[in-house]
Amino acid sequence: MGVTLDSLRDDPKYSNDLIDGLKSGDLSVLGSIGEKINNLEFMQSLIYAYKNDKDNYDLFLEAGPAVQRAMAVEVFSDNPELILETDFVDDKEFIKANLRMCPEIIPFIAEDVRSDPHVVEIIEDIKVTTLEGHAIADPEKSTFFTERIESEPSLRQDAEFMTEAIQNDPTFLELAAQELKENFDFMREQSRGNEAVIDIVVSKADEFNFDAIQAVRESSRELTINDCMDLIDQYIEKHRDDRYQKVKDKILERGMEDPRTMKWITAMVAQMDDVSPDLMKKVVDYSMLTMEKTRRDLDQDGKMVMNMDVAQAMITPLMLRRLMSRAEEKGVTLDESMHQAVDSYVEFYDEFRPQFVEYKKRMWEAEHPTQSNNSLSREDERNTPAESEIDTDVPETEIESIDDAKTVVLQGEGGVLEAINKIGMEEITDVTQRVIMDAKSLDTPVPTLDSAKKKIEEIGQ
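In short, a report on the structure.

Conventions we followed
- Residues numbered from 1 in each chain as written.
- Predicted model: local features only at pLDDT ≥ 70, side-chain atom pairs only at ≥ 80, totals over all residues.
- Heavy atoms only, no water.
- Helix = DSSP H or I, 4+ residues; strand = E, 2+ residues; numbered from the N terminus.
- Buried < 20%, exposed > 50% of the residue type's maximum accessible area, 1.4 Å probe, protein only.
- Contact = heavy atoms within 4.5 Å.
- Areas by Shrake-Rupley, 256 points an atom, 1.4 Å probe, with all protein chains shown as cover.
- Salt bridge = Lys/Arg side-chain N within 4 Å of Asp/Glu carboxyl O.
- Core = buried A, V, L, I, M, F, W, Y, C linked by side-chain atoms within 4.5 Å.
- Axes fitted to C-alpha atoms, helices over the stretch in contact; angles between N-to-C directions.
- Left-handed = near helix turned anticlockwise from the far one by under 90°.
- Parallel < 35°, antiparallel > 145°, perpendicular 65-115°, else oblique.
- Lys, Arg positive; Asp, Glu negative; His and termini not counted.
- Phe/Tyr/Trp six-rings, centres within 6.5 Å; stacked < 30°, edge-to-face > 60°.

Our next topic: the overall build of the protein chain. Across its full length, the protein chain carries 23 helices and two strands. For the protein chain, the residues scored as buried account for 49% of the 461 residues in total. Considering only intrachain contacts with a sequence separation of at least 6, the fraction spanning at least 24 residues in the protein chain is 64%. A total accessible area of about 22100 Å² is found for the protein chain, and carbon and sulfur atoms account for 45% of it.

Okay, the pattern of salt bridges next. According to the stated counting rule, one finds 24 salt bridges in the structure shown. Here Glu-93 ties to Lys-96 by a salt bridge, and the two come within 4.0 Å at their closest N and O atoms. Of the two residues, Glu-93 and Lys-96 both sit in helix H5 (residues 92-98), three residues apart, roughly one turn of that helix. Given a relative accessible area of 23%, Lys-96 falls into the partly exposed group. As a salt-bridge pair, Glu-222 and Arg-188 come within 3.3 Å of each other at their nearest N and O atoms. Linking Glu-222 in helix H13 (residues 210-239) with Arg-188 in helix H11 (residues 184-191), this pair joins segments that are 34 residues apart in sequence. The partly exposed category is assigned to Glu-222, whose relative accessible area is 32%. Overall, the relative accessible area of 11% leaves Arg-188 in the buried class. Three or more residues are tied together by salt bridges with common partners; here these are Asp-6, Arg-9, Asp-20 and Lys-23.

Attention now goes to unusual backbone geometry. Even without glycine at this site, Asp-55 takes up a positive phi of about 60°. Residue placement: Asp-55 occurs in the loop between helix H2 (40-54) and helix H3 (58-62).

A few words now on the nonpolar core. Among the nonpolar cores identified, the biggest contains 75 residues, and Leu-173, Met-187 and Phe-352 are the most heavily contacted of them. Broken down by element, this core gets its largest block of residues, 12 residues, from H13. Ranked by size, the runner-up nonpolar core spans 43 residues in total, among them Ala-49, Ile-106, Ile-109 and Ile-122.

At a closest axis distance of 10 Å, the pairing of H13 and helix H15 (residues 261-269) adopts a crossing angle of 35°. Handedness of the crossing formed by H13 with H15: left-handed. On H15, the residues touching Arg-221, Thr-224, Ile-225, Cys-228, Met-229, Leu-231 and Ile-232 of H13 are Thr-261, Met-262, Ile-265, Thr-266, Met-268 and Val-269.

Tracing the chain through its elements places Ala-49 in helix H2. On the basis of relative accessible area, Ala-49 is assigned to the buried category, the value being 0%. For the pair Ala-49 and Val-3, spaced 46 residues apart in the sequence, the C-alpha separation amounts to 5.1 Å. The contacts of Ala-49, once residues within four sequence positions are left out, are Val-3, Thr-4, Leu-5 and Leu-8.

If you want to describe how two helices pack, look at the angle between their axes and the distance between the axes. For the pair helix H14 (residues 242-254) and H15, the least separation of the axes is 11 Å and the interaxial angle reads 165°. Between H14 and H15, the angle is such that the two are roughly antiparallel. Here the hand of the crossing between H14 and H15 comes out left-handed. Together, Tyr-244, Val-247, Lys-248 and Ile-251 of H14 and Thr-261, Trp-264, Ile-265 and Met-268 of H15 make up the contact between the two elements.

For Arg-221, the position within the fold is in helix H13. The buried charged residue Arg-221 lacks any salt bridge partner; its closest oppositely charged side chain belongs to Glu-257, at an N-O distance of 4.3 Å. The contact partners of Arg-221, leaving out residues within four places of it in the chain, are Met-256, Glu-257, Asp-258, Pro-259, Thr-261, Met-262 and Tyr-286.

Attention shifts here to the packing of aromatic side chains. A full pass over the atoms with the stated rule returns 13 aromatic pairs. A ring pair is formed by Tyr-345 and Tyr-349, whose centres lie 6.4 Å apart and whose planes are at 35°; its orientation type is tilted. Separated by four residues within a single helix, Tyr-345 and Tyr-349 lie in helix H19 (residues 336-367), roughly one turn from each other. Per residue, the accessibility class of Tyr-345 equals that of Tyr-349, and both read buried. One aromatic cluster is present, built from ring pairs that chain together Phe-60, Phe-76, Phe-88 and Phe-94.

Before going further, it helps to spend a moment on H15. With respect to burial, H15 is a largely interior element, nine of its nine residues being buried. Buried residues of H15: Thr-261, Met-262, Lys-263, Trp-264, Ile-265, Thr-266, Ala-267, Met-268 and Val-269, and no others.

As structure tokens, this is what we get:
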């Protein structure tokens, strides 16, 4: 969060005396705020600002229990050793509930908690499924690797040594020589099945080049698809829903490398009620890496590369927000950094979309030279794969723009599952576009989305 103590002076909630005291490092000024010490709305921005100014979470440690509990996972993910200075270190219920989201705390939790059978089971599961065999950071090994690098800096360029260090503790990636951090094969090896490495690259994207972003994005995509497909399999088994099985079969038929696969499977997952914070984070990380890859993939004129594969690989903002809403409806607290990441992605998506529309115009005009003087209608512009969406029961008030009003429902007669079953895994908006173009060639009125969907049904029959 980019807030600073000085930036909070404009907020009437915070007095100048409070800000001045905190800027000088005097935490005793907190005595003047009374019960607000336990108010998340009041304390959260203050804690972020203090962290950004002082580079520590001392203010978090002074906050009330409600504030600490709300921010604990985010803070401990960044500084896991801080749990030693809180009551959470031996809070068995807190640790059971949050260990999967914050495995970094494992070396620091109380021994009696770590020996609890349920906690042992979670730790073993994390080792297998979350880090895919990579060991949880061993403090003694971390000290060994740190001392070796300090005494022999050239080891930062040694791929084998750095791989061993990163497998022990992913944060050693930050110490790797730039030539390793810019090497596709090295970054692919480090990030494969390792969400912790992926998270580092997402949060520090400016430190990595295009090759690294591309390599880590492949790992992120692979990891996210695997988790989503596991969840889909569980849903199919539990609900005996033939429609989901048919869509899954079509996805497998098309192949996991199809650029639209992520959009399709996240659309299916968004209909479910058990989206975990871990899976939500994987989807957001993939989206951020896709954004970075697209932003950096420039043509000879220095403009973003435009093609169907690029557009079809992008998950739309509506889908991300739908996934987040599903998670929060189940009582999951998504941290501020995730909301900021999605906001950043939405901003980029809004920048990308008109450029892609312009690209589609040029392609259409090239394919229809005799009609090149006739611009595409607004309806044509909206029907682009980049903007197609699969969602369910979205109230009109939740639609972000006129483009998102083309949302195709997953459930009910005429939904995308039925359409896919009849005509194959084809972008619904592509079919709509074809119907519209057919209507134009017959000099008939351009159909609405509803009439286009009826035409889709006819095609299927």
